[in-house]
Amino acid sequence: MMRHGFFRTASAGLILSVLAAAVPMFAAKYNTIVDIGAPMPQFSNLPGTDGKILSSSDLKESVVVLAFLANHCPWVRGTEQDLIKLVNDFRGKDVRFVGVSVNRRADDALEAMKVRAAQLGYNFTYVYDESQELGRKLGATRTPEFFVFNKERRLVYMGLLHNSPASMRTDGTINYTKGAPMEFYVKDAVNALLGEGQIANEETRPQGCSIEYAQSR
Amino acid sequence: MNQRIPYLAALVFLLAAGCSRQPRDIAAAKPAPGLQPITFEAWQGKLVGARGAITVVDFWASWCAPCLERFPHMVALHERYKESGVRFVSVSLDDRDDKGAIEQARSFLARQNAAFENYLMDENITDAFQKLDLLSIPAVLIYGRDGRLRYKLTGDDPNRQFTNEDVDRAIETLLGETG
C-alpha cells in the first residue's frame, strides 16, 4: 500500500514537473507574454503628442509607468481623469508616466492622440507605438492597461489603475463598475518603489477595450 | 421582407432540433430578434452546453469597435450555416444601465439583420467578464454537438489574436466530425 502511495506520489510529481516545464516561462495569470520581474522592452524614437520623440534610454526616473491607452475607448475615457490626477499627485517625485497608443485605427493614431491630449489636458508624455512592438513585447492587450517598472526597469506591477474599472457612458457620465475605487494598485506600486508601503497586488485583471495587433499569418 | 427572417430562423431552428438526436435542449432556446437580458446563471443553465447542434457564441458590445467590425461576418456565417445544424448566439456586454448604449446595440443588431438569438448580459459588467472568464472582447466561443466548449477564440495573445478565418475553420472542423 505504501509502495503504491510512494510511486503514485513520485509519478504525480514527475508529471507536474513535465507540465511545469511545458508552461511558457513568462506566462502570468492574465498576460500571455510577460510576468512580474520581466525587463522593460527597449524602444526607440516613438513620436509623442508633444512633437518630440521618446526612447527607453531617455527615461532617467527611478520609476516608470507605462499606460496603454486608446482615444476611442470608453474605458480609457472613464479612467483618464483619474490618471491625470494620479500624475499630478506624483508631481515633483522621481517617477515618469508615459501613455502609449498602439492601435492603428485612425481615431487612435498620432493626429487623433494630439487632439485628445490637448482636449483633456494630458499631463504625461503620450507616444504612438505604430510598429506595435512595445505593446506586443509587453503582452498589452487591453486599454487601459498599466505596467510599473522599478529603477532596474523590472516589472513590479501590471493590470488595472484601481479596483473599480470605469467606463464613460453614452451620456458622458463615468460608471465606476465596482463603486468608488478603494484599492489604488498603480499608486501603491509607485509609492512602494519610492519607499512608502508595499506592493500588495503584483498583477490584476485588466479590463477594457481590446488592442488590435496586425497579424502576420 | 426582413420581418419574415425571425420566423424563418425559428423554423430552421425547429427543423434542426427535429433532426438532432437530442432535440429538447435546442428547442428550449428560441431565437429572439431583439436584445434580451439574461443573467449569468440563466445563461449557464439554459444556453451553455446545449446539445445537438454546434453553437457559436459571439461576445460583443456597442463600445467595442473591433466587435462591430467582426459582427457582419457572424451574420454571414449564420446565413451560410443556418441549415447545417449550426446555432448562432450573440451576447452583448454593454452596460445594462446605459440606455444610450443599449439603444445603440439594438439598432446595430437591427441594421445587421442579426436574425439569431441576441442577449444582453444582465450583470455588473466587471462581474460578467470574470464570471464568463473573458479578458476582452471580441471573443467567440464554439461548442460542439456534445455541448462541450471546443474553441475559445480571443485576442488575449498579441501574437495569436483570432481571425474570421479561425472561426470558419473551427465550424468546418466541427461539421466534419461525425455524430
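Everything here concerns the structure above.
Criteria and thresholds
- Residues numbered from 1 in each chain as written.
- Chains lettered and ligands numbered in written order.
- Predicted model: local features only at pLDDT ≥ 70, side-chain atom pairs only at ≥ 80, totals over all residues.
- Heavy atoms only, no water.
- Salt bridge = Lys/Arg side-chain N within 4 Å of Asp/Glu carboxyl O.
- Helix = DSSP H or I, 4+ residues; strand = E, 2+ residues; numbered from the N terminus.
- Disulfide = S-S within 2.5 Å.
- Buried < 20%, exposed > 50% of the residue type's maximum accessible area, 1.4 Å probe, protein only.
- Pairing = 2+ DSSP bridges.
- Axes fitted to C-alpha atoms, helices over the stretch in contact; angles between N-to-C directions.
- Contact = heavy atoms within 4.5 Å.
- Core = buried A, V, L, I, M, F, W, Y, C linked by side-chain atoms within 4.5 Å.
- Right-handed = clockwise from strand over helix to strand, strands pointing away.

Draft legend 1. Geometry of the pattern of salt bridges. Counted by the stated rule, this structure contains 21 salt bridges over all chains. Its salt-bridge partner being arginine 150 of chain B, residue glutamate 177 of chain B comes within 2.8 Å of it at the nearest N-O pair. Here glutamate 177 of chain B is found in the segment after α7 (164-176), whereas its partner arginine 150 of chain B is found in strand β6 (residues 149-153), with 27 residues between them in sequence. A cluster of three or more residues bridged by salt bridges with shared partners is formed by Arg105, Asp107 and Asp108 of chain A together with Glu69 of chain B.

Draft legend 2. Structural context of the state of the cysteines. For the structure shown, the criterion picks out two disulfides over all chains. The disulfide that involves cysteine 73 of chain A links it to cysteine 209 of chain A, with 2.1 Å between the sulfurs. Torsion about the S-S bond of the cysteine 73 of chain A and cysteine 209 of chain A cystine: about 90 degrees, corresponding to right-handed handedness. Of this pair, cysteine 73 of chain A sits in the loop between β3 (63-69) and α2 (74-77) while cysteine 209 of chain A sits in strand β11 (residues 209-210); the two residues are 136 residues apart in sequence, bridging distant segments of the chain. On the basis of relative accessible area, cysteine 73 of chain A is assigned to the buried category, the value being 0%. Judged by its relative accessible area of 3%, cysteine 209 of chain A falls in the buried class. Residue pairing for cysteine 64 of chain B: its cysteine sulfur links by disulfide to cysteine 67 of chain B, the two sulfurs lying 2.1 Å apart. Disulfide cysteine 64 of chain B-cysteine 67 of chain B: torsion about the S-S bond near 75 degrees, hence right-handed.

Draft legend 3. View of the sheet that holds strand β3 (residues 86-92) of chain B. All names here are of chain B. The strand order across the open sheet formed by six strands is β1-β4-β3-β2-β5-β6, and the pairing between neighbours is mixed. A single partner strand is all that each edge strand has here, and the edge strands are β1 (36-38) and β6. Across the sheet, the mean angle separating the axes of adjacent strands is 25 degrees when strand polarity is ignored. With three bridges joining them, β1 and strand β4 (residues 117-121) adopt parallel strand pairing. Pairing of isoleucine 38 across the sheet is with methionine 121, part of β4. Across the sheet, helix α5 (residues 99-112) touches β2 (54-60), β3 and β4, and the angle it forms with β2 is around 135 degrees.

Draft legend 4. Broad picture of the nonpolar core. Membership of the largest hydrophobic core comes to 84 residues, with the highest contact counts inside it found for Trp43, Phe59, Leu93, Ile137 and Ile142 of chain B. It is helix α4 (residues 65-81) of chain B that provides the largest number of residues to this core, a total of six residues. Setting aside residues up to four positions removed in sequence, isoleucine 142 of chain B forms contacts with Ile54, Thr55, Val56, Arg148, Leu149, Arg150, Tyr151, Leu153, Val167, Ala170, Ile171 and Leu174 of chain B. Grouped together as the second largest cluster of nonpolar side chains are 24 residues, Val34, Ala38, Met40 and Leu138 of chain A included.

Draft legend 5. Spotlight on the pairing of β3 of chain B. All names here are of chain B. With respect to burial, β3 is a largely interior element, seven of its seven residues being buried. Across the two faces of β3 the burial is the same, with Val86, Phe88, Ser90 and Ser92 and Arg87, Val89 and Val91 all buried. Of the pairings in the sheet, the one linking β2 to β3 comprises seven bridges and is parallel in character. For isoleucine 54, the partnering residue across the bridge sits in β3 and is valine 86. Each parallel crossover has a hand, and the one from β2 via α4 to β3 is right-handed. Where β3 and β4 come together, four bridges link them in parallel fashion. Along β4, the bridge assignment pairs serine 92 with leucine 120. Taking the sense of rotation as the criterion, the β-α-β connection linking β3, α5 and β4 turns out right-handed.

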